[in-house]
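Each chain, written out:
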Amino acid sequence: MKNETKVLKFEELNWKQIETLDKKNTVLFLPISPMEEHGPHLPVGTDLITIRDVTTEAIKTLKTKKPDLKCILLPAVPIGFCEFNTDFPGTISSSGKVVKDIVYSFGSSLAEHGFKYLVICTFHMSIVHLKGIYSAMKQLESKYKMKTCEPWGPYFHANIIEKNEPKLGFDTTRELHAGFRETSLMKYQYPYLLDESYKNLQSIYRDLNSPRVLGKKFKQLGLKDGYVGSPARADVDYGRWFFNETVNVFVNATIDLFEGKKPPELPGRIKTAMKALFWR
Ligand SMILES: [Zn+2]
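### Comments concerning the packing of aromatic side chains
Inspection of the entire model under this criterion finds 13 aromatic pairs. Note on Phe170 and Phe180: the rings are 5.1 Å apart at their centroids and 85° apart in plane angle, and the pair reads as edge-to-face. You can see Phe170 sitting in the loop between α6 (160-164) and α7 (180-189) and its partner Phe180 sitting in helix α7, a full 10 residues away along the chain. For Phe170, a relative accessible area of 19% corresponds to the buried category. Exposure remark for Phe180: the relative accessible area of 1% places this residue in the buried category.

### Details of the side chain of Lys100
Here Lys100 shows up in helix α3 (residues 96-111). The side chain of Lys100 sits in the buried core without any salt bridge; Asp101 is the nearest counter-charge, 6.0 Å away. Residues in contact with Lys100, not counting those within four places in the same chain, are Gly132, Ser135, Ala136, Gln139 and Trp279.

### Side note on the coordination of the zinc ion
Bound to the zinc ion are the protein donor atoms His38 (NE2), Asp47 (OD) and Glu182 (OE), situated 1.9 to 2.1 Å from the metal. Taking the relative accessible area as the measure of exposure, His38 reaches 1% and is therefore buried. Classification of Glu182 as buried rests on a relative accessible area of 11%.

### A few points about the side chain of His38
Along the polypeptide, His38 turns up in the loop between β2 (26-31) and α2 (46-65). Side-chain polar atoms of His38 contact the backbone oxygen of Glu36, separated by 2.8 Å. At 3.1 Å, the side chain of His38 forms a polar contact with the side chain of Asp47. Setting aside anything within four residues of it in sequence, one finds His38 in contact with Pro43, Val44, Thr46, Asp47, His177, Ala178, Glu182 and Gly226.

### Section: the layout of surface pockets
Approximately 1,300 Å³ is the volume found for the largest pocket. Taken together, 45 residues form the lining of the largest pocket, with Phe84, Met125, His157, Leu208 and Asn209 sitting closest to its centre. Among the secondary structure elements, those contributing two or more residues to the lining of the largest pocket are α5 (152-157), α6, α7 and α9 (268-276). Broken down by element, the lining of the largest pocket gets its largest block of residues, 4 residues, from α9.

Rules behind the numbers
- Residues numbered from 1 in each chain as written.
- Predicted model: local features only at pLDDT ≥ 70, side-chain atom pairs only at ≥ 80, totals over all residues.
- Heavy atoms only, no water.
- Phe/Tyr/Trp six-rings, centres within 6.5 Å; stacked < 30°, edge-to-face > 60°.
- Helix = DSSP H or I, 4+ residues; strand = E, 2+ residues; numbered from the N terminus.
- Buried < 20%, exposed > 50% of the residue type's maximum accessible area, 1.4 Å probe, protein only.
- Lys, Arg positive; Asp, Glu negative; His and termini not counted.
- Salt bridge = Lys/Arg side-chain N within 4 Å of Asp/Glu carboxyl O.
- Contact = heavy atoms within 4.5 Å.
- Donors = N, O, S within 2.8 Å, 3.2 Å for Na, K, Ca; no water.
- Polar contact = N/O pair within 3.5 Å; in protein donor to acceptor, adjacent residues only side chain to side chain.
- 1 Å grid on protein atoms, 1.4 Å probe; cavity = no way out; pocket = protein on both sides within 12 Å on 5 of 7 lines; lining within 4 Å.
- Points joined across faces, edges and corners; volume = space filled by probe spheres on them.

See below:
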């Protein structure tokens, strides 16, 4: 059953209400993910819609789990860096620097008025996008001592999903973009946004981390429909599991952040890649 608790939205508050918030018990959540093609069957806003809903649900759960904590949802920002699929209409890519500036603008403006906790919520896992987010977090920490975290990157890039998910009988490690996982998620959350054609889409796999794909776009890699994985396998029960698992990751990371525990970190190989990649 869906939790009907009301979520406090930043854009609905006036400055007086914002001023009187108890800053040391308030956590702000910033959903940020780009418009990006997700195959011929999923909406371009798949990442943004998902992360906005996950964040909203996490805030509702936190209200019961941690009633002393005040959670505020910032408006979802439809921005991110997409490296592979700008050769499809609907993908809107910003530079990593823009991502950094946006996250830093939110964080610093809030920190100037005494806010201490910011959770950055993204479902888009491109390394340059994460580089923007983590550079902003580092600056917010050093300039304002602001406590920040980005919960999904460490979970996603450490492949914890594969360890935790129900056994499915096929290899899910190759479901990279608009495949089984995201299609299941949409089938569960928004069946009316899922185009029926998903049932007939052939499984297509590519290793997007291989050096051979560097600098290539999806169509050059033979991904003419813009997805990597097996959308036809989509399953509502898996979608429900995946959604709830994602919500839990955000709930736990927020509690840890608030209780002063060290937030989960990105795996070493991702940090190295982040350093090696130039701003784009
Ligand atoms: Zn996605």
